[in-house]
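Architecture at a glance
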Amino acid sequence: MEHIKPHSLGQNRRCPGCWKMLTVAMCMALVACLQAQELQGHVSVILLGATGDLAKKYLWQGLFQLYLDEVGKGCSFSFHGAALTSTKQGQEFITKVLESLSCPEDMVPRRCAELRGQFQQLSQYRRLRTNEDYMALSKDIEAQLEHKGLREAGRVFYFSVPPFAYADIARSINSSCRPGPGAWLRVVLEKPFGHDHLSAQQLATELGSFFQEEEMYRVDHYLGKQAVAQILPFRDQNRKALDGLWNRHHVERVEIIMKETVDAGGRTSFYEEYGVIRDVLQNHLTEVLTLVAMELPYNVSSSEAVLQHKLQAFRALRGLQKGSAVLGQYQAYGEQVRREQQKPDSFHSLTPTFAGILVHVDNLRWEGVPFFLMSGKAMDERVGYVRILFRNQAYCAQNEKRWVADQSQCLPRQIVFYIGHGELGSPAVLVSRNLFRPSLPSESWKEVEGRPGLHLFGRPLSDYYAYSPVREQDAYSVLMSHIFHGRKDSFITTENLLASWVFWTPLLDSLAHEVPRLYPGGAESGHLLDFEFRGTQLRFSRQQLEQLVPGPGSAPKPSDFQVLRAKYRESPLISAWPEELIAKLADDIEATAVRAVRRFGEFHLALSGGSSPVPLLQQLATRHYGFPWAHTHLWLVDERCVPLRDPESNFQGLQAHLLQHVRVPHYNVHPMPVHLHQRLCAEEDRGAQMYASEISALVTNSSFDLVLLGMGTDGHTASLFPQSPAGLEGTQPVVLTRSPSKPHQRMSLSLPLINRARKVAVLVMGRLKREITMLVSRVGHEPKKWPISGVLPSSGQLVWYMDYEAFLG
Ligand code: BG6
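Everything numeric here is computed off the predicted structure, so don't read it as measured data.

Below, the discussion takes up the overall build of the chain. Along the chain, the regular secondary structure elements total 23 helices and 33 strands. Taking all 809 residues of the chain together, 52% fall into the buried category. A separation threshold of at least 6 residues defines the contact pool for the chain, and within that pool the share at least 24 residues apart is 76%. The distance from the centre of the 86 positive side-chain charges to the centre of the 83 negative ones in the chain is 3 Å.

In structure tokens:
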């Protein structure tokens, strides 16, 4: 009653009936409220790890916000802070945290104090250690419900505890603390959810034995950030404008960025195990990536539809390779680790604190559009954003001074979901004025007021339609509300989690021993961490200044030789450092191709698989614009008996590193028919004979213009292996063979067919090849022992291309 102002009481005196009506109305409201409570029931929230850092910083505040939002709407609440700490200490801790809770700015202080008081009354600490403790908690909740005559709506268990504690807690909840029939259980889980695909799967299986999928809410707090949560609704509400724009024809690149100024000091024991990719790229940035890249579901508020579209986006992601990443580590990190973990001075950490990753989405919408993901600690600023930069094909006839933001097509065109911090200092959605005026829900987003002098992404703020949230909300508060309302689309399902680990684990494995570039941190890092992409490779834009200190008997340096010409097995040998060698070979292939096309109208090139040719293919794809691709036929020297789409397939390598970047007519591409009648390399399917017929039909005299071979450490070449006679001699041009390593079954051109070629180039790279190079230099014609020694074109030319490591060791 206190809040009825005196003058309104005076008005009531003048209207005696009004007071009565008001009383009746209030009673009705009270009854309705009690009925509603009766209707929707009681929710118990149990915060596990209630005395930890996350709870202190965000979770208690999030729970309080939930209470503020929901109070009087039909549910009653109790909040149980739980931890292993003694009851006395825990209660003291919680009392302090609860005193510091804040209300939204627009709430009058008295109302805030009143509600905070109620929240404090409803919140208690209890120690939860043993199974019995969980049983006791359940009994207490039941007793409270009975005492107050309340129906139980559900229980939320928020796990803010380290993952090693998950299983025990989950077991106790499942066996002793589930709510009664008709009430729901929601368990909220905080990352890390595993360290790689296998461990994530194990953890998921374990949790799955205690909880149903719909009971689990895995948090990625970036999904609670307002700008991130706006991506799908924005795409939905602006479908008309975006339909024609959101694709490879218009988007030049997408940047998904999270820079932090803080470093990992104080949490190196966690960080050493995870590093930046596991800590933020595998989860936060990947989630954002899928929201941008996925096909837009018809109904964006259907959790199931969103999940299915996300999974589809994951399937379209091109596998990452070592060359897709650049890594850095801020200079003070090593010392922090040694200090915090008492490591010896000799200990050097390889954990990256900075990573830039180049992602490609191989579908019709995004093919060829680079997605940059980047995050780092100890950077020059704290900021997070997703920036979609559009291509610009316009030319503006007037002088630049006369370009007007909403009319000139020559100004940059971009859409930015500004996650927070940075120059702007708040979340925002920005759309260049020369794109379109976006539509955002006016009850929750408002236009940003002008900030003269503020530039974002190279343009004054006034160049954008800029919107920010009417009420800025912390991510955890948003997520608490979504948990309460059962909105699962803001959480990570098991399938979603595993799909992300499937994507990241191979890269993490391949980078395990990679030495990150050191950076001073803050503004001092200068341009050291700038990176750029070439084809499918990402690399730092600047060379790191390295001093080569030549020691006794030191390896030759690039300056010691250029390209060396010599003889190997009586044929010409070209040797150089890998980059020059690849450049030389690519030039030679192009020259051969140009000559062949000039003379015969076409060029038949047979390529080997494996890792050595990859840089060559990339070189051809990105540097050889004069290559006569339209007249080139591509053949395979050998193939593994796996489906063509399998990453192990040689054809897949050709597709990934060459075909998708150049224009070879489809009918000129000749994969080996290893997969016929839904089986692999069955003799009866006669795949080898089919390939031989195709060659004889299209290649004059079955004589390829150029065959590119490699040499294995056992002396094998193509898929012709020592001690296995198939293909070494005889009349069959194409044969099925067996490899000592998996996959064992192979298809290969035979030695006689290879030797009919006009030119054979053998590419040998890397230190591992050193021994076989030495050996093969001395042996005669012994193809049964060393199939490579049988390569000797009958009328064509043989040229060896070896890098210095293979040739000189
Ligand atoms: C967490 C990471 O998930 O996100 C931290 O573990 C990181 O390392 C934090 O600092 C960043 O979150 P925010 O909300 O500050 O951008």
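Having seen the model, we can carry on.
Turning our attention to the site of the ligand. Every residue near the ligand is listed here: Lys191, His221, Tyr222, Lys225, Met258, Glu260, Arg267, Asp279, Val280, His284, Lys377 and Arg382. Side-chain polar atom of histidine 221 to an oxygen atom of the ligand: 2.8 Å apart, as the coordinates give it. Between the ligand and aspartate 279, the relevant distance is 2.6 Å, taken from an oxygen atom to a side-chain nitrogen or oxygen of the residue. A total of 400 Å² of accessible area belongs to the ligand in isolation, and the protein chains cover 82% of it. Looking at the shell around the ligand, the element that brings in the most residues is helix α12 (residues 268-293), giving three residues. Broken down by class, the residue content of the shell around the ligand amounts to three nonpolar, two polar and seven charged.

Moving on, we come to the state of the cysteines. The final tally for this structure, using the stated rule, is three disulfides. Disulfide partner of cysteine 103: cysteine 112, at an S-S distance of 2.0 Å. As the torsion about the S-S bond is roughly 85 degrees, the cysteine 103-cysteine 112 disulfide counts as right-handed. Exposure remark for cysteine 112: the relative accessible area of 7% places this residue in the buried category. Between cysteine 396 and cysteine 410 runs a disulfide, and the two sulfur atoms are separated by 2.0 Å. The disulfide joining cysteine 396 to cysteine 410 has a torsion of about 110 degrees about its S-S bond and is therefore right-handed. Taken together, the positions of cysteine 396 in the loop between β11 (383-390) and β12 (414-421) and cysteine 410 in the loop between β11 and β12 put the pair 14 residues apart, joining distant regions of the chain. The same class applies to cysteine 396 as to cysteine 410, namely buried.

The next subject is the pairing of strand β2 (residues 76-83). In terms of burial, β2 is largely enclosed, as eight of its eight residues are buried. Residue alternation in β2 divides its side chains into two sets, Ser76, Ser78, His80 and Ala82 and Phe77, Phe79, Gly81 and Ala83, and both sets are buried. Sheet topology note: the strand β1 (residues 42-48)/β2 ladder contains seven bridges and is parallel. From the neighbouring strand, leucine 48 faces β2, where its bridge partner is alanine 82. On the question of chirality, the crossover connecting β1 to the parallel β2 by way of helix α3 (residues 53-70) is right-handed.

On to the pattern of salt bridges, then. When the charged atoms of two side chains with opposite charge come close together, those side chains can pair. Inspection of the entire model under this criterion finds 29 salt bridges. Linking glutamate 295 and arginine 365 is a salt bridge whose minimum nitrogen-to-oxygen distance equals 2.6 Å. Of this pair, glutamate 295 sits in the loop between α12 and α13 (303-316) while arginine 365 sits in the loop between β9 (354-359) and β10 (371-376), and the two are 70 residues apart along the sequence. Taking the relative accessible area as the measure of exposure, glutamate 295 reaches 29% and is therefore partly exposed. A relative accessible area of 22% means that arginine 365 is categorised as partly exposed. A salt bridge links glutamate 805 to arginine 767, with the nearest nitrogen and oxygen atoms 2.7 Å apart. Linking glutamate 805 in helix α23 (residues 804-808) with arginine 767 in the loop between β32 (759-764) and α22 (770-778), this pair joins segments that are 38 residues apart in sequence. The exposure class of arginine 767 is exposed, given its relative accessible area of 53%. A network of salt bridges, in which partner residues are shared, links Glu142, Glu152 and Arg155.

What follows is about the packing of aromatic side chains. Under the definition given, this model contains 32 aromatic pairs. Measuring from centroid to centroid gives 6.2 Å for tyrosine 67 and phenylalanine 77, while their planes differ by 80 degrees, and the two rings are edge-to-face. Remark: phenylalanine 77 occurs in strand β2 and tyrosine 67 occurs in helix α3; sequence separation between them is ten residues. The burial state of tyrosine 67 is the same as that of phenylalanine 77; both residues are buried. Judged by centre distance (4.7 Å) and plane angle (50 degrees), the ring pair of phenylalanine 79 and phenylalanine 119 falls under tilted. Of this pair, phenylalanine 79 sits in strand β2 while phenylalanine 119 sits in helix α5 (residues 109-122); the two residues are 40 residues apart in sequence, bridging distant segments of the chain. The two residues phenylalanine 79 and phenylalanine 119 agree in class, both being buried. Among the aromatic residues, those joined into a ring-pair cluster are Trp60, Phe64, Tyr67, Phe77, Phe79, Phe119 and Phe484.

Parameters at a glance
Residues numbered from 1 in each chain as written. Predicted model: local features only at pLDDT ≥ 70, side-chain atom pairs only at ≥ 80, totals over all residues. Heavy atoms only, no water. Helix = DSSP H or I, 4+ residues; strand = E, 2+ residues; numbered from the N terminus. Buried < 20%, exposed > 50% of the residue type's maximum accessible area, 1.4 Å probe, protein only. Contact = heavy atoms within 4.5 Å. Lys, Arg positive; Asp, Glu negative; His and termini not counted. Charge placed at Lys NZ, Arg CZ, Asp CG, Glu CD. Near = heavy atom within 4 Å. Polar contact = N/O pair within 3.5 Å; in protein donor to acceptor, adjacent residues only side chain to side chain. Areas by Shrake-Rupley, 256 points an atom, 1.4 Å probe, with all protein chains shown as cover. Nonpolar A, V, L, I, M, F, W, Y, C, P; charged D, E, K, R; others polar. Disulfide = S-S within 2.5 Å. Pairing = 2+ DSSP bridges. Right-handed = clockwise from strand over helix to strand, strands pointing away. Salt bridge = Lys/Arg side-chain N within 4 Å of Asp/Glu carboxyl O. Phe/Tyr/Trp six-rings, centres within 6.5 Å; stacked < 30°, edge-to-face > 60°.

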